[in-house]
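Chain residues, written in single-letter form:
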Amino acid sequence: MFKVHDQCSIVPPIQAGGAGVYNHISVAVGYAWESGDVSAGPSAAVYLMPACGSTLCGRIAGMAVGGHARINAYLAGPLGVSVSANVDWIGGSSLVLPGHASVIAVAGPVLRWSVK
């Protein structure tokens, strides 16, 4: 299986920093069976969002490369549950994110459709 994912997340405000946007695109290969699929691959992200380190909060913006993994389980026909995880390595010097990594995990409903 070959997949292209684009996931746009609205990041809630932290303190007075305001909301943010984290758009993540990935290309993945995987394996599918009748009631689910699993995939993983490289990714890239563009972001403008609030973030907090151990002692400081602020806004960060830029581009990052990383990895993506997703599993979908279809429980009632085309309706199911999806869990995805993205890890991005953020370059540059930042007092807000001294570890240079961003991790986002998302779980929620998924709807499968196909073209025959």
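The rules behind these values
Residues numbered from 1 in each chain as written. Predicted model: local features only at pLDDT ≥ 70, side-chain atom pairs only at ≥ 80, totals over all residues. Heavy atoms only, no water. Helix = DSSP H or I, 4+ residues; strand = E, 2+ residues; numbered from the N terminus. Buried < 20%, exposed > 50% of the residue type's maximum accessible area, 1.4 Å probe, protein only. Polar contact = N/O pair within 3.5 Å; in protein donor to acceptor, adjacent residues only side chain to side chain. Contact = heavy atoms within 4.5 Å. Pairing = 2+ DSSP bridges. 1 Å grid on protein atoms, 1.4 Å probe; cavity = no way out; pocket = protein on both sides within 12 Å on 5 of 7 lines; lining within 4 Å. Points joined across faces, edges and corners; volume = space filled by probe spheres on them. Phe/Tyr/Trp six-rings, centres within 6.5 Å; stacked < 30°, edge-to-face > 60°. Lys NZ or Arg CZ within 6 Å of the ring centre and 35° of its normal. Core = buried A, V, L, I, M, F, W, Y, C linked by side-chain atoms within 4.5 Å.

1. Description of the side chain of His24
Reasoning step 1: With respect to the element layout, His24 can be found in strand E2 (residues 20-33).
Reasoning step 2: Residue classification places His24 among the buried residues on the basis of a relative accessible area of 2%.
Reasoning step 3: Within polar-contact distance, the side chain of His24 engages the side chain of Asp88 at 3.5 Å.
Reasoning step 4: Non-local contacts of His24, meaning those with residues more than four positions away in its chain, are made with His5, Asp6, Gln7, Ser43, Ala44, Ala45, Gly67, His68, Asn86 and Asp88.

2. Structural notes on the pairing of strand E4 (residues 57-76)
Reasoning step 1: Pairing geometry for strand E3 (residues 36-52) and E4, over 17 bridges, is antiparallel. Its bridge partner being in E4, Ala40 is matched across the sheet by Ala69.
Reasoning step 2: Between E4 and strand E5 (residues 79-89), which follow one another and run antiparallel, lie two residues, and Gly77 among them has a positive phi close to 65°.

3. Side note on the layout of surface pockets
Reasoning step 1: Here the largest pocket is characterised by a volume of approximately 230 Å³.
Reasoning step 2: Lining the largest pocket are 14 residues, and of these Lys3, Asp37, Asn72, Tyr74 and Arg112 sit closest to its centre.
Reasoning step 3: At the level of secondary structure, the elements contributing two or more residues to the lining of the largest pocket comprise strand E1 (2-11), E2, E3, E4 and strand E6 (101-111).
Reasoning step 4: Of the residues forming the lining of the largest pocket, the biggest block, three residues, is contributed by E4.

4. So, the packing of aromatic side chains
Reasoning step 1: All chains considered together, the criterion is met by two aromatic pairs.
Reasoning step 2: Ring centres of Tyr22 and Tyr47 lie 6.1 Å apart, and the angle between their planes is 25°; on these two criteria the pair is classed as stacked. On the criterion of sequence distance, the pair formed by Tyr22 in strand E2 and Tyr47 in strand E3 is long-range, its members being 25 residues apart. Grouping residues by exposure puts Tyr22 and Tyr47 together as buried.
Reasoning step 3: We note Arg112 situated over the ring of Tyr74; from NZ or CZ to the ring centre the distance is 3.9 Å.

5. Side note on the nonpolar core
Reasoning step 1: Counting 10 residues, the largest nonpolar core is built from Val11, Tyr22, Ala45, Tyr47, Met49, Ala51, Ile60, Ala64, Ile90 and Ile104.
Reasoning step 2: Those elements that provide at least two residues to this core are E3 and E4.
Reasoning step 3: Ranked by residues supplied to this core, first place goes to E3 with four residues.

6. Here we look at the pairing of E3
Sheet faces and side chains relate simply in a regular strand, where the side chains alternate between the two faces.
Reasoning step 1: Here E2 pairs with E3 via 11 bridges, running antiparallel. Among the inter-strand pairings, Tyr22 is bridged to a residue of E3, identified as Tyr47.
Reasoning step 2: Between the end of E2 and the start of E3, which pair antiparallel, lie two residues.
Reasoning step 3: Here E3 folds back onto E4, and the loop between the two strands holds four residues.

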